Amino acid sequence: MKDIEAQLEDQFSFFDLHKSRLKCLCRLVFALLETRTVNLSRLSLCFSTEVKLESSYRRIQRFFSQLTFPFDQLSLFIWNHFQGEESGALALDRTNWKFGKTHINILMLSLCFDGYSVPLMWKVLRDKRGNSSQEERILLLQRFVSIIKPDHIPLLLADRELIVLK
């Protein structure tokens, strides 16, 4: 397990995180795979048994509360690891659901391959329940194109609401 953890740390080293945050990120990845949940209490069960369970739980809380995660670097990391996929395509879509009385509306750009979709970039559409605007779609795509050359994008899929003209 230590070898796999070291390999994952090596893969994630380009994130330019402090060593302790990098280790925590790697442990979180393994915990997510093992538990198949995002419940922090359950994830903390997969952390080291050398410390109290409460300490692992608090470590995960601190990780999320104190870290500004480099999402653009993560998008580049994901793209580079799946760049050779023949069935790869980008999908631009908006999703809307309610959490209690709160509407959650997100414009998402994902990488699709082999029946899976991996989020690359997104924009939370605050105080909106309807469609995204043309400007919001263009800004999200421009952000992506700023890190990935447009000629490396094989296909962009979107439904009719997501027309981007400019």
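Now for a quick tour of the structure. Residue positions are given per chain, counted from 1 along the sequence in the order it is written. With the structure being a predicted model, the display of local features is reserved for residues of pLDDT at least 70 and the display and counting of side-chain atom pairs for 80 or more, all residues being used for whole-chain, interface and lining totals. Side-chain numbers here rest on the full set of heavy atoms in the structure, without hydrogens or water.

## Some thoughts on the overall build of the chain
(1) Moving on: The numbering of helices and of strands both runs from the N terminus, where a helix is a DSSP run of H or I of at least 4 residues and a strand a run of E of at least 2. Helices and strands together make up the secondary structure of the chain, namely 6 helices and 4 strands.
(2) Moving on: Each helix (α) and strand (β) of the chain, taken in turn from the N terminus, gives the series α-α-α-α-α-β-β-β-α-β.
(3) Moving on: For the chain, the C-alpha atoms occupy an extent of roughly 55 × 40 × 30 Å along the three principal directions.
(4) Moving on: Only protein chains enter the accessibility calculation, which uses a 1.4 Å probe; a residue is then buried when its area is under 20% of its type maximum, exposed when over 50%, and partly exposed in between. The 166 residues of the chain split such that 32% are buried.
(5) Moving on: Working rule for contacts: check all heavy atoms of both residues, and any pair within 4.5 Å makes them a contact. Summarising the internal contacts of the chain: among those between residues at least 6 apart in sequence, 51% fall at separations of at least 24.
(6) Moving on: A total of about 11,300 Å² of accessible surface is found on the chain, and carbon and sulfur atoms cover 53% of it.
(7) Moving on: The convention is simple: Lys and Arg are positive, Asp and Glu are negative, and His and the chain ends are not counted. Every charge is mapped onto a representative atom, which is NZ of Lys, CZ of Arg, CG of Asp or CD of Glu. Taking the average location of the 23 positive side-chain charges in the chain and that of its 19 negative ones, the two points are 9 Å from each other. Only the protein chains shown count as cover for residues, and all accessible areas are computed by the Shrake-Rupley method using a 1.4 Å probe.

## So, the pairing of strand 1 (residues 89-99)
Look at any regular strand and the pattern is simple: side chains alternate between the two faces of the sheet.
(1) Moving on: By the convention used here, strands pair only if DSSP detects at least 2 bridges between them. Examined bridge by bridge, strand 1 and strand 2 (residues 102-113) share 11 bridges and lie antiparallel to one another. Residue pairing for strand 2: F99 is matched across the bridge by T102.
(2) Moving on: Counted along the chain from strand 1 to the antiparallel partner strand 2, the turn is 2 residues long, and its residue G100 has a positive phi close to 70°.

## A short note on the environment of L40
(1) Moving on: Considering the arrangement of structural elements, one finds L40 in helix 3 (residues 40-44).
(2) Moving on: Linking L40 and L28, residues 12 residues apart in sequence, is a C-alpha distance of 9.5 Å.
(3) Moving on: What L40 contacts, discounting residues up to four positions off in sequence, is Y57, I60, Q61 and F64.

## Observations concerning the environment of L28
(1) Moving on: With respect to the helices and strands, the residue L28 is situated in helix 2 (residues 19-35).
(2) Moving on: For L28, a relative accessible area of 4% corresponds to the buried category.
(3) Moving on: Note: C-alpha distance between L28 and I78 (50 residues apart in sequence) is 17 Å.

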